[in-house]
Amino acid sequence: MEMGAEFKHLRELKGYSAGAVSSGIVTLNRLNAFESDEGDIPLDKLRALLLQMGVSLREFAHFCERMEINKGTLRKELNKAYAAKDVNRLQALFTMLAPENQEPQRLQFYGRMTAAGAYYELTGTKLASAEELQRLVDMLLETVTWNESEVSVLHATLILMTDNQVFMLCREVLGSVAGIRPWNFALYVSAWSAVMQGYRVLIQRRSNFVATLARQIDRTEPMAEAMLQNRFKYIFLNAIRAAQTTDSMQTRARVRTVYGWLVPIGPEELLAEARKTSIDVLGLDL
Amino acid sequence: MLGSNFRKIRLERGLTLQEAAAKAVSVASLSKFENEETSLGVRKLTASLHNMNTSFLEYASLCDDSTGNPDSYLFRVVAAYRKPDLATLKLLVDEQAERYKMAGSEIDFNDLISAAGLYCDLSGKNLVGPAELKHLENKLSHVQAWGETEVIVFGNGMTLLNDETVTKLGLDLLAHVDDIHAWNDALYQDAWSALMNVVDLLLARHSDQVDRLFKAIGDCDLPEAIMIDHFRLRFLKDCYAAQKQPTAATVALVQRDIDFLAKVGSKRVHDQYVRSAIRLLGADYPHEEA
């Protein structure tokens, strides 16, 4: 849906007539043309029209994003298949989202790579070629502004990437988090979650990049206090890392203790992820 | 503002006017727009933003006087509320009341309610008149679709409303929260925060509506992405149990929740929850005088 149609949809939802909204700002014909996506209107006029309905430009932008429904639907479909461990569905989505030409549509390509990442997480088998993965890494490294789509595909595909790629992309995201925080807290949380996923992947591989990424994280502006999940993850992963470096009663006890903090209050998915990491890295079932 | 904010983003991205204008608009028009000499068509603007790899939402947030960027009104209000700095908050309410009186726009009204609601939460004093309260109640009772405005106004302004209205609106929001999740993750979090505010408020008022709300919420396992709300729900449930039966065991559960915040290093949030426990449990929550 184009912006004009979005405006019309919002106006009708708010119960305003085109005449009432346009009054004193633009002619009715001009508003009708805009709403039919046949004409443009100046930004300051759009803002004035929205103000008539008590809607800010920002809220209208949110409203428009809502209609990027394909993006959301595909992501939810992928999440659903992953949560249900439906590897056949993930494989089908990967195939279905194959590019039709050399210039793949960005969101479709992200969806395909997300399916590949989820499939690998569940089966250990790589569906995407090295060329495709490199193309994704190049696209993400060229990203100037990280948004939901980029952060989401990064989170899902870090597991497929080389240690160097994981480190480079996490460093890029870390460079952006402070800028994202003031205007989109949900995206800020997702960005930190992706970095924690990268840290987890590197620890699982006993990569030489672990210490470097940890230094990079420590140099970044501290995580928001309200972002409990990522603050917990970082402490837990550091406990895992310590036990990995020096496997002793004390270091293992520390892993159990930190996990114990979460047990009475944590969301199920976070508990499951922590348990899995401990088993994978230390062979320690919590 | 509109043009200068565009320029701010462009310069932050290290892009030239030519690069931002490419195939979207003439360099001359874009330059005039940045200098606030002329406006720019919305489609040309979004195409130029696309050239800068910037979403319309990010740009609109930067331009928003009300919320969305650190200089905006509600950011200042929330900062004063969190400190807490009652004097500054009152000044912000007065300033907004004056603005609303002069301009009378719904956006000004919403900001006034948010600020006055947060002020009331801290001080117990209501700074808005009966006409505004009636308008607020009427506005929220006829929400067709819970959007950002409604969720924020309700989340901040509910302290101005009575228990029954707050509960009714809370249940309505709860019934729509999954719809919101389908299209807006950020708003979904805001909606749950507002719902937790409802529970908190009703608990603080020792309202008999709390049970109704807890029953409706049930044992939901909120997603990891909004763990702060998942945590808050746990905390409020434990506070409720301790309110009903203040024993060492029930209070210990509240303390366990609060301790988690200290363990993950969330000092400021920890202190907020200590204050919250004192407010909800009074003398039943062992604490040193601040």
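Note: the structure precedes this text.
Computed from a predicted structure; not experimentally measured.

## Topic: the interface of chain A and chain B
Contact residues are listed per partner, giving 57 residues for chain A and 67 residues for chain B. Considering only the surface of chain A that becomes buried against chain B, A:R58, A:L228 and A:I265 emerge as the three largest contributors, covering 14% of it. For the pair chain A and chain B, the number of links is 4 salt bridges. With a shortest N-O distance of 2.8 Å, B:E148 and A:R58 are connected by a salt bridge. Viewed at the interface, chain B and chain A are joined by 24 residue pairs in polar contact (both at pLDDT 80 or more). Contributions of two or more residues to the side of chain A that touches chain B are made by α1 (3–14), α4 (43–52), α5 (57–66), α6 (69–83), α12 (185–204), α14 (228–245), α15 (249–262) and α16 (268–282) of chain A. Considering every element that reaches the side of chain A that touches chain B, the biggest residue donor is α5(A), with 8 residues.

## Digging into empty space enclosed by the protein
Inspection of the entire model under this criterion finds 5 cavities of 30 Å³ or more. Taken as a whole, the second largest cavity holds about 160 Å³ of empty space. Forming the boundary of the second largest cavity are 16 residues, of which A:S56, B:S66, B:T67, B:D111 and B:T149 lie nearest the centre. Of all the secondary-structure elements, those providing two or more residues to the lining of the second largest cavity are α8 (106–123) and α10 (148–157) of chain B. Residue composition of the lining of the second largest cavity, by class: 5 nonpolar, 7 polar and 4 charged.

## Quick word on unusual backbone geometry
Of the consecutive residues B:K83 and B:P84, the connecting peptide bond is found in the cis state with omega at -10 degrees. Turning to its location among the elements, B:P84 is positioned in the loop between α6 (73–82) and α7 (86–103). Of note in the backbone geometry, A:D37 takes a positive phi value of approximately 60 degrees without being a glycine. For A:D37, the position within the fold is in the loop between α3 (28–35) and α4. Among the residues examined, A:D37 registers a relative accessible area of 26% and is labelled partly exposed. One non-glycine residue with positive phi stands out, namely A:R206, at about 55 degrees.

What counts as what
Residues numbered from 1 in each chain as written. Chains lettered and ligands numbered in written order. Predicted model: local features only at pLDDT ≥ 70, side-chain atom pairs only at ≥ 80, totals over all residues. Heavy atoms only, no water. Contact = heavy atoms within 4.5 Å. Buried area = accessible area lost by both parts, 1.4 Å probe. Salt bridge = Lys/Arg side-chain N within 4 Å of Asp/Glu carboxyl O. Polar contact = N/O pair within 3.5 Å; in protein donor to acceptor, adjacent residues only side chain to side chain. Helix = DSSP H or I, 4+ residues; strand = E, 2+ residues; numbered from the N terminus. 1 Å grid on protein atoms, 1.4 Å probe; cavity = no way out; pocket = protein on both sides within 12 Å on 5 of 7 lines; lining within 4 Å. Points joined across faces, edges and corners; volume = space filled by probe spheres on them. Nonpolar A, V, L, I, M, F, W, Y, C, P; charged D, E, K, R; others polar. Buried < 20%, exposed > 50% of the residue type's maximum accessible area, 1.4 Å probe, protein only.

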